[in-house]
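# Residue-level structure breakdown
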Amino acid sequence: LGKDSFKILHDGRNANNFGYETKGGSSLDVGGDIMQGCMFTSPADVSTATSLTFYVSTTAGVTKHVKAVLVLHSTLAIVANGVGTPVDVPASSSGWKTSSFATPPTLIPNTEYVLMMIPDGTVTIYYTAGAVNQRHADGSNSYASPQDPTGAFQANDKVSIYCTYTPGGAAAGKMTVQVM
């Protein structure tokens with residue numbers, strides 16, 4: 001390379017996610033219209049959320065449908081545009097399912113969010129031991145029209161759910177440029 005050439009080095013970052021990206025070793029059946037999720041802190045470079053991904057399974061029967069719900073922890077209010085598109089969970093299946101947001105919700109850096117999902121019928125979610133009051137569950141909600149989970153109870157579990165986001169601000173797209 002000549003002295004006027006540039007070598008650009010990427011910072012090596014993988015997908016922009018926050019949450020728990022591992023299938024937990026314990027499972028819990030979640031009935032239809034019950035909103036379940038877990039509280040995580042958004043990273044410093046977060047700008048908007050593109051989707052929530054969760055590990056779910058079903059038993060024999062019919063296909064279930066699940067939506068993502070993104071909730072601001074401090075108020076337990078669903079953020080603007082924070083209900084994702086429905087995803088199918090076929091009968092007798094298991095795996096990671098992704099519910100995308102039609103309009104990406106704006107997120108605040110270094111802020112606690114509850115990453116939640118709500119099914120239209122019974123599905124199984126997975127978790128491991130978590131921090132005090134990390135898991136949230138609202139048993140009086142609606143798959144058809146999710147509402148703020150203000151009646152949520154909390155448990156010390158970490159649910160297998162994560163948010164994929166678009167970075168923004170000064171920390172986003174960090175690259176190193178070397179002049180050769």
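Residues numbered from 1 in each chain as written. Predicted model: local features only at pLDDT ≥ 70, side-chain atom pairs only at ≥ 80, totals over all residues. Heavy atoms only, no water.

### Some details on the overall build of the protein chain
To keep it simple, the criterion reads: Comment: elements are numbered from the N terminus, with helices defined as DSSP H or I runs of at least four residues and strands as E runs of at least two. When a residue's accessible area, from a 1.4 Å probe over protein chains only, is under 20% of the maximum for its type it is buried; when over 50% it is exposed; and in between it is partly exposed. Pairs of residues are marked as contacts when any of their non-hydrogen atoms sit within 4.5 Å. Only the protein chains shown count as covering a residue, and every accessible area follows the Shrake-Rupley method with a 1.4 Å probe.
Helix and strand content of the protein chain: zero helices and 16 strands. Of all 180 residues assigned to the protein chain, the portion counted as buried reaches 44%. Contacts in the protein chain between residues far apart in sequence, at least 24 positions, make up 81% of those at least 6 positions apart. Taken as a whole, the protein chain presents about 8500 Å² of accessible surface, with 51% of it coming from carbon and sulfur.

### Here's the deal with the pattern of salt bridges
Opposite charge on two side chains lets them pair, provided their charged atoms get close. What counts here: Any carboxyl oxygen of Asp or Glu that lies within 4 Å of a side-chain nitrogen of Lys or Arg is treated as forming a salt bridge with it.
Taken as a whole and assessed by the stated rule, the structure comprises one salt bridge. Between Arg135 and Asp157 there is a salt bridge, and its shortest N-O distance comes to 2.9 Å. Here Asp157 lies in strand 14 (residues 157-159) and Arg135 lies in strand 12 (residues 135-138), a separation of 22 residues in the sequence. For Arg135, a relative accessible area of 9% puts it in the buried group. Look at Asp157 and you get buried, because its relative accessible area is 14%.

### As for the pairing of strand 10 (residues 112-119)
This is how the line gets drawn: When DSSP locates at least two bridges between a pair of strands, those strands are taken to pair.
Judged by how many residues are buried, strand 10 sits mostly within the fold: seven of eight residues are covered. Summarising the sheet, strand 4 (residues 35-41) and strand 10 pair through six bridges and their orientation is antiparallel. The residue of strand 10 that forms the bridge with Met39 is Val114. Strand direction decides the pairing type here: strand 6 (residues 64-72) and strand 10, joined by seven bridges, are antiparallel. From the neighbouring strand, Ala68 faces strand 10, where its bridge partner is Met117.

### Section: the nonpolar core
Threshold: Put simply, buried Ala, Val, Leu, Ile, Met, Phe, Trp, Tyr and Cys residues joined by side-chain atoms within 4.5 Å make one nonpolar core.
The biggest cluster of nonpolar side chains holds 28 residues, and the ones touching the most others in it are Phe18, Phe54, Leu70, Leu107, Leu115, Met117 and Ile161. Counting residues per element, this core draws most heavily on strand 5 (residues 46-57), at five residues. Non-local contacts of Leu107, meaning those with residues more than four positions away in its chain, are made with Phe18, Val46, Ser47, Thr48, Ala49, Leu70, Tyr113 and Cys163. Of all hydrophobic cores here, the second largest spans 10 residues; its members include Met35, Leu76, Val114 and Met116.

### Side note on the environment of Ala77
Mapping Ala77 onto the fold places it in strand 7 (residues 77-83). Overall, the relative accessible area of 23% leaves Ala77 in the partly exposed class. As for Ala77 and Thr150, which are separated by 73 residues in sequence, their C-alpha atoms are 7.6 Å apart. In this structure Ala77 touches Leu70, Val71, Leu72 and Asp148, once residues within four positions along its chain are discounted.

### Here we look at the side chain of Gln134
Counted only if it meets this: Pairs of N or O atoms within 3.5 Å make up the polar contacts considered here, provided that, within protein, one atom can donate a hydrogen while the other can accept it, and that residues adjacent in sequence are counted only when both atoms are side-chain atoms.
For Gln134, the location among the structural elements is in the loop between strand 11 (123-129) and strand 12. A distance of 2.9 Å separates a polar atom in the side chain of Gln134 from the backbone nitrogen of Ala131. Each residue touching Gln134, except ones within four places of it in the same chain, is listed here: Gly37, Cys38, Met39, Phe40, Ala155, Asp157 and Lys158.

### Thoughts on the packing of aromatic side chains
Where we set the bar: Stacked, edge-to-face and tilted labels apply to pairs of Phe, Tyr and Trp rings (six-membered ring for Trp) whose centres lie within 6.5 Å, assigned for plane angles under 30 degrees, over 60, and everything in between, in that order. For a lysine, the NZ atom is tested; for an arginine, the CZ atom; a charge sits over a ring if that atom is within 6 Å of the ring centre and within 35 degrees of the ring normal.
Under the criterion given, the structure shown has four aromatic pairs. Taken together, a centroid distance of 6.1 Å and an interplanar angle of 55° make the contact between Phe18 and Tyr165 tilted. Residue Phe18 is found in strand 2 (residues 17-19), and its partner Tyr165 is found in strand 15 (residues 161-167); the two are separated by 147 residues along the sequence. Judged on exposure class, the residue Phe18 and its partner Tyr165 are both buried. Taken together, the aromatic side chains of Tyr55, Trp96, Tyr126 and Tyr162 make up a single cluster linked through ring pairs. Directly above the aromatic system of Tyr126 lies the positively charged group of Lys23, at a separation of 4.8 Å from the ring centroid.

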